[in-house]
Amino acid sequence: MAIDKFVTVESSCVPLPIENVDTDQIIPARFLKATTKEGFGDNLFRDWRYDKAGNPKEDFVLNQSTYSGEILVAGKNFGSGSSREHAAWAVYGYGFKVVVSSFFADIFKNNALNNGLLPVQVSDAFLDKLFVEIEKDPKTIVKVDLENETISIPSENVSEKFEINAYKKECLINGYDDIDYLISIKDKIEAWEKENAK
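Residues numbered from 1 in each chain as written. Predicted model: local features only at pLDDT ≥ 70, side-chain atom pairs only at ≥ 80, totals over all residues. Heavy atoms only, no water.

Asker: Hey, could you run me through the overall build of the protein in this one?
Answerer: Tallying secondary structure elements over the protein gives 8 helices and 8 strands in all. When the 198 residues of the protein are sorted by exposure, 44% land in the buried category. The contacts in the protein between residues at least 6 apart in sequence include a share of 65% that link residues at least 24 apart. Accessible surface for the protein amounts to roughly 10800 Å². Of this, 49% is attributable to carbon and sulfur atoms. (Helix = DSSP H or I, 4+ residues; strand = E, 2+ residues; numbered from the N terminus. Buried < 20%, exposed > 50% of the residue type's maximum accessible area, 1.4 Å probe, protein only. Contact = heavy atoms within 4.5 Å. Areas by Shrake-Rupley, 256 points an atom, 1.4 Å probe, with all protein chains shown as cover.)

Structure below.
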């Protein structure tokens, strides 16, 4: 199934300055019964967002009107713990297109890339700068340019490069999942097979 094309995102951010956020905190295990991606965003950070009676916790950032946007700025080591693809579904399903952290668990990072969610790994210093600017002004715009692999805070004239797997970059830019990508190079595959069938 194709994903949305991704080139550049310019958005305000939602700050989550908590380190070692694991996949069970992102999407608790009791919500993993579904096999389609629909509805997972509703339960993103469920136990942090709601009390046992299902009432929103006013002090949690997703329940505050102060912060909004398509970029989640998280503390170091985001997505650790069990290897559930549902965690990426939940973050993307909520409406985030980018997650920024100074370190990602490898499995979460790969799951995110496979589902149209861009994990942008930055230096500790740049992450700290982001948190400071967002706290100072919740409307601070951050620009993520996938083509050039840069993340910037235009109002502060600061930017940093990030790295992404070249194959996953091509898939995100074109809105391809793995099957779409293979279809896109069908002619090359057939030509190679013809050449090597001799």
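Asker: Would you mind showing me how to read the sheet that holds strand S3 (residues 71–74) here?
Answerer: Where strands meet in a sheet, backbone hydrogen bonds hold them as pairs that are either parallel or antiparallel. Strands sit in the order S2-S3-S4-S5 across an open sheet of 4 strands; the sheet is parallel. Of all strands in the sheet, those bounded by a partner on one side alone are strand S2 (13–16) and strand S5 (118–121). For this sheet, the mean inter-axis angle between neighbouring strands, taken without regard to orientation, is 20°. Note that S2 and S3 share 4 bridges and pair parallel. (Pairing = 2+ DSSP bridges. Axes fitted to C-alpha atoms, helices over the stretch in contact; angles between N-to-C directions.)

Asker: Just to check I follow, could you spell out the sheet that holds strand S7 (residues 150–153) for this structure?
Answerer: Ordered by their spatial adjacency, 4 strands build an open sheet running S1-S6-S7-S8, and the pairing between neighbours is antiparallel. Edge positions in the open sheet fall to strand S1 (8–11) and strand S8 (158–161), since each of these has one partner strand only. Between one strand and the next, the sheet's axes are offset by a mean angle of 10°, whatever the strand orientation. Sheet analysis places S1 next to strand S6 (residues 142–145), joined by 4 bridges and oriented antiparallel. Bridged to Val9 within S6 is Val144.

Asker: Explain the environment of Ile71 to me, please; I cannot follow it from the model alone.
Answerer: With respect to the secondary-structure elements, Ile71 resides in strand S3. By relative accessible area, Ile71 is classed as buried at 0%. Separated by 48 residues in sequence, Ile71 and Pro119 have C-alpha atoms that sit 9.9 Å apart. Setting aside residues up to four positions removed in sequence, Ile71 forms contacts with Val9, Ser11, Ser12, Cys13, Val14, Phe96, Val98, Val100, Val142 and Val144.

Asker: Mind showing me how you'd approach the packing of aromatic side chains here?
Answerer: What characterises a pair of aromatic rings is the spacing of the ring centres plus the angle enclosed by the ring planes. On inspection of all chains with the given rule, the structure shows 8 aromatic pairs. Ring-pair connections join several aromatic residues into one group, and the members of that group are Phe45, Trp48 and Phe60. Directly above the aromatic system of Tyr50 lies the positively charged group of Arg46, at a separation of 4.4 Å from the ring centroid. (Phe/Tyr/Trp six-rings, centres within 6.5 Å; stacked < 30°, edge-to-face > 60°. Lys NZ or Arg CZ within 6 Å of the ring centre and 35° of its normal.)

Asker: Even after reading the chapter, I still don't get unusual backbone geometry, so can you show me in this structure?
Answerer: The backbone of Glu149 shows a phi angle near 55°, a positive value even though the residue is not glycine. The phi dihedral of Asn157 falls on the positive side, at around 55°, and the residue is not glycine. Mapped onto the elements, Asn157 comes out in the loop between S7 and S8. By relative accessible area, Asn157 is classed as exposed at 71%.

Asker: Which parts of the structure should I look at to understand the environment of Phe104?
Answerer: Looking at the secondary structure, you find Phe104 in the loop between strand S4 (98–101) and helix H4 (106–114). Residue classification places Phe104 among the buried positions, given a relative accessible area of 1%. Placed 26 residues apart in sequence, Phe104 and Phe78 show a C-alpha to C-alpha distance of 4.9 Å. If near-sequence neighbours (up to four positions away) are discounted, Phe104 is found in contact with Phe78, Val99, Lys109, Pro119, Val120 and Gln121.

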